[in-house]
Structure formats: structure tokens, C-alpha cells
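Here are the chains, one letter per residue:
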Amino acid sequence: MRLSQYFLPVLKENPAEAQIVSHRLMLRAGMIKQSSAGIYSWLPLGYKVLRKVEEIVHQEQQRVGHIPMLMPTLQSADLWKESGRYDAYGPEMLRIRDRQDRDMLYGPTNEEMITDIFRSHVGSYKDLPLTLYHIQWKFRDEIRPRFGVMRGREFLMKDGYNFDLTKEDALHAYNRHLVSYLRTYERMGLQAIPMRADSGPIGGDDTHEFLVLAETGESEVFYDSEITDLTFGDREIDPSDHDACRAVLDEFTSRYARTDETHDPELFAKVPEERQRTARGIEVGQIFYFGTKYSDAMNAKVQGPDGKQVPVHMGSHGIGVSRLLGAIIEASHDDKGIIWPEGVTPFHAGIVNLKQGDEEADAACDALYKSLKALGLDPLYDDRKGGAGMKFATMDLIGLPWRITVGPRGLKNGVVELTSRRTGESEELPPEQAVEKLAKIYAGIV
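Report on the accompanying structure. (Residues numbered from 1 in each chain as written. Predicted model: local features only at pLDDT ≥ 70, side-chain atom pairs only at ≥ 80, totals over all residues. Heavy atoms only, no water.)

A few words on the packing of aromatic side chains. Under the definition given, this model contains eleven aromatic pairs. Ring plane angle 70° and centroid distance 4.8 Å describe the contact between Phe290 and Tyr294, whose orientation is recorded as edge-to-face. The buried category is assigned to Phe290, whose relative accessible area is 7%. On the basis of relative accessible area, Tyr294 is assigned to the buried category, the value being 1%. Of the aromatic side chains, those joined through ring pairs into one cluster are Tyr181, Tyr185 and Phe210. In this arrangement the basic side chain of Lys81 is found over the ring face of Tyr86, its NZ or CZ atom lying 5.2 Å from the centre. The ring of Phe232 is capped by Arg235, whose NZ or CZ atom sits 4.9 Å from the centre of that ring. (Phe/Tyr/Trp six-rings, centres within 6.5 Å; stacked < 30°, edge-to-face > 60°. Buried < 20%, exposed > 50% of the residue type's maximum accessible area, 1.4 Å probe, protein only. Lys NZ or Arg CZ within 6 Å of the ring centre and 35° of its normal.)

A large share of strand β16 (residues 313-320) lies buried, amounting to eight of its eight residues. Judged by which residues are buried, β16 turns out to be covered on both faces: His313, Gly315, His317 and Ile319 on one side and Met314, Ser316, Gly318 and Gly320 on the other are all buried. Inspection of the sheet shows strand β8 (residues 154-164) paired to β16 by eight bridges, in the antiparallel sense. Directly across from Tyr161, in β16, lies its bridge partner Ser316. Looking at chain direction, strand β13 (residues 276-291) and β16 are connected through six bridges and run antiparallel. Paired with Phe288 across the bridge in β16 is Ser316. (Helix = DSSP H or I, 4+ residues; strand = E, 2+ residues; numbered from the N terminus. Pairing = 2+ DSSP bridges.)

This part takes up the side chain of Ser180. Examined against the element boundaries, Ser180 turns out to sit in helix α5 (residues 167-187). In contact with Ser180, other than residues within four places in its own chain, are Glu60, Gln61 and Val64. (Contact = heavy atoms within 4.5 Å.)

Before going further, it helps to examine the nonpolar core. Of all hydrophobic cores here, the largest spans 72 residues; its most connected members are Met31, Val53, Tyr185, Phe210 and Val284. Counting residues per element, this core draws most heavily on α5, which supplies seven residues. The next biggest cluster of nonpolar side chains, apart from the first, holds 25 residues, and it includes Val122, Leu132, Phe163 and Tyr294. (Core = buried A, V, L, I, M, F, W, Y, C linked by side-chain atoms within 4.5 Å.)

The values are spatial; any link to function lies outside them.
Next up, the structure:
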């Protein structure tokens with residue numbers, strides 16, 4: 001993309017309504033525009049990152065055998081009345097009526113709908129285990145939406161639902177989701193710590209939230225500092241291997257890590273004092289096992305091996321896809337702007353022409369642009385008329401991980417400047433070597 005042809009409405013000043021860094025930078029970088037309280041339009045740059053995050057979620061879900069589908073945003077209230085949650089859910093649910101005077105709702109989650117789909121089509125234990133998921137817009141009428149996409153009313157969420165014959169199988173699905181989530185977040189450059197949490201209106205006894213540590217987090221968290229030394233890395237885990245998945249869960253949840261809702265001071269006191277930590281965290285996902293809560297209420301049963309009808313064991317598993325953008329920015333920024341990890345960056349590199357209109361500089365930038373595109377990379381070429389300061393400020397604000405600077409002085413020596421946004425370090429390289437280095441950096445990512 002050439003910046004002269006792109007829609008990137010950056011702001012020079014900090015918006016008065018933005019209270020936290022991610023909201024401020026998303027507005028300034030032209031990623032979002034507020035439509036109404038807690039509801040945003042996703043402008044081209046923001047939409048591009050949103051799709052990158054969504055694609056990683058899809059890839060990691062399907063890696064472990066989960067099946068994608070799509071359910072509607074509007075749901076019949078009848079299903080929620082059947083489960084008993086319609087009146088219990090609270091004012092966060094947006095209740096509406098259609099022209100036929102039927103009670104409807106804008107879905108805040110999909111346990112009822114997926115259970116209805118399951119019971120309509122699955123009748124035998126031979127069709128289990130089964131995990132279905134979708135990525136869809138949700139709506140929860142927050143009493144005080146704030147912090148941009150971090151606590152909006154409309155948000156994009158991945159929610160998945162497992163159906164299993166036994167509690168043992170369902171807990172394996174729980175463990176498998178934990179493995180999948182750890183890999184998902186690390187691919188986005190995040191360390192998301194699984195913490196014992198409260199189940200809230202979803203229900204169930206087994207649940208972990210995944211939280212990214214950040215000063216602006218909405219939750220107070222208490223944890224053993226050893227947990228921050230853990231990484232999932234490149235390990236390959238067979239998603240059907242119960243013992244391997246359980247071992248990962250044990251590794252990442254055996255140390256104390258809890259939100260304020262489930263904090264146990266006596267248990268926390270047993271952690272060595274030098275490792276006790278209190279901080280704030282941003283929730284970016286949660287996994288639940290709730291047994292037969294919905295299958296009992298909605299008669300979702302299968303025929304077991306003995307021929308008897310039994311309710312299936314279920315769990316639900318969410319990732320806040322749109323919220324993740326805010327979390328990534330909160331965890332990765334400086335006073336100049338965003339610093340995108342390579343896995344989710346909207347463009348892989350920026351090309352800055354220091355002297356637009358100079359024949360040699362223009363030709364060098366065009367050649368770099370074509371070379372990067374030929375390798376499957378997606379560069380953003382700042383071909384606007386204007387000074388270097390303006391161009392550098394834009395690149396720093398929108399946070400592309402790498403910048404190639406091209407100017408007449410460097411070209412006389414046969415070099416361009418390759419700069420890391422994260423470290424600020426630069427090196428002079430012949431253009432072809434700069435391209436080769438970027439190709440190596442993004443190998444396995446693109």
C-alpha cells in the first residue's frame with residue numbers, strides 16, 4: 001500500500017475522552033472512530049490488525065481440531081427462557097422485540113443457541129467428542145463503557161463450545177483449550193497468565209481467565225512471580241493426548257495466580273515472600289467447564305454405549321478478539337506510539353522516502369516495495385510530499401516493527417537504513433540485504 005492512496009486519519013493531539021494508552025493511540029493512529037458510547041467503527045488500519053488477530057485465533061483453534069461455524073447476532077429469547085438465564089442475566093442483555101412482537105436479544109454469548117444446534121443434530125456418543133466455535137460480534141450493555149475497545153458494548157469474540165460424553169473427556173477439552181490459548185497469545189507477542197477466576201453468569205466450578213499484566217488492567221491480580229518465567233514456545237502437543245495436555249495445565253496453573261474475586265490471602269501467604277506479586281491485569285480470554293448445566297436444562301442428550309440417554313458434558317471458551325488489540329497496545333508501546341509485534345502488525349515494514357520526487361530515491365523505493373511484495377510481505381510506502389519529521393512521526397505512531405529509510409545521501413553509498421521500532425537501533429545495508437533480513441525475520445510468521 002502507498003500511503004498517498006491509503007485512508008489513515010491520524011491525529012496530532014491526544015483526544016480528551018481517551019483515558020488509557022490503548023484508547024488514545026488507537027484514536028490517534030486512525031484505527032477506530034467512536035460511533036456511540038462503547039461502539040466503534042473499525043477504520044482500515046484497525047480493521048487490518050483485527051483481521052490479523054482473528055486469523056491467528058482461527059489457525060490455533062483448527063490446529064487442535066475445533067470446527068468453525070457462524071451463529072447470528074440476534075437470538076430468540078425462547079432458548080434463554082428454556083435455560084433459565086433470560087431473567088437472570090441482568091440489564092447487560094439488550095432485549096428487543098421484532099415486528100411480530102417476539103422477544104429477541106442481541107447475543108452476549110451463545111451457550112443456548114449452540115446447545116439447541118447440538119441437540120437437533122447429534123444423538124449418539126459415537127459423534128463425540130465435538131467442539132464447535134465461531135468468531136462473532138457480541139453486545140453487552142455496559143453501564144459505563146470506557147477505555148475504548150477494552151470495555152466497549154459491542155465487541156468481537158471467539159466463543160467455542162465442547163460436547164463430551166464424560167466429565168473426564170470434558171476436562172480434557174478444557175486442558176486442550178488452555179494449550180491452544182497459550183500458543184495463541186504468544187503468537188501475538190503477549191504473555192497471558194491463566195488465573196483461577198469466578199465463573200459469573202456462565203456458571204460452572206472450573207474456570208481460568210487469561211490476563212495480560214498492565215497498569216491499566218481492570219482486575220487486581222495476585223501471583224507467584226515464577227509464573228512469568230514460563231513460556232509455551234515452539235513445543236508440539238498432540239491435542240488428543242490427555243496426559244500431555246494435563247501436564248501443560250499443571251505446569252501453568254500449579255503456581256498461585258488469582259484475580260481479586262478468587263484471591264485467598266492464606267494460600268497466597270504460603271508463596272515465598274520474595275515471589276509474591278500484586279498487579280493489575282487485562283482479561284483477554286476465559287475457559288469454563290460447567291458439566292451438564294445446559295444439557296440438563298435443554299435436554300441435550302445422546303445415547304451412551306449402554307443404550308441409555310445421558311446429558312452431555314459441556315464447556316465454553318472465549319477469546320476477546322477486539323479487546324486483544326487494546327491489550328497488545330497496553331503491553332507494547334512507548335511515548336511515540338504503538339509497537340506492534342511482528343505476528344499482528346498491519347504492515348510488515350514501512351518505507352520512508354526522504355526526498356519524494358528525486359528520481360533515484362523514487363526508483364529505489366519502488367524497487368524495495370516490489371521486492372517485499374514479491375516475497376509475500378506487505379509494506380506501507382510513505383510516498384507523500386513532506387518532511388522527514390512528519391513521516392517518521394507517522395511511522396512511530398502506527399507502530400510498524402521495521403522501517404526502511406531511503407534518501408539520496410545513503411543511496412550514493414549504496415545503502416538504505418533499516419530501523420527496529422522496538423529497540424530504535426538502525427543499520428545501513430544495501431537494499432537487497434535489507435529485504436533479505438526482513439524475509440528472515442518474517443519466515444514462519446507470514
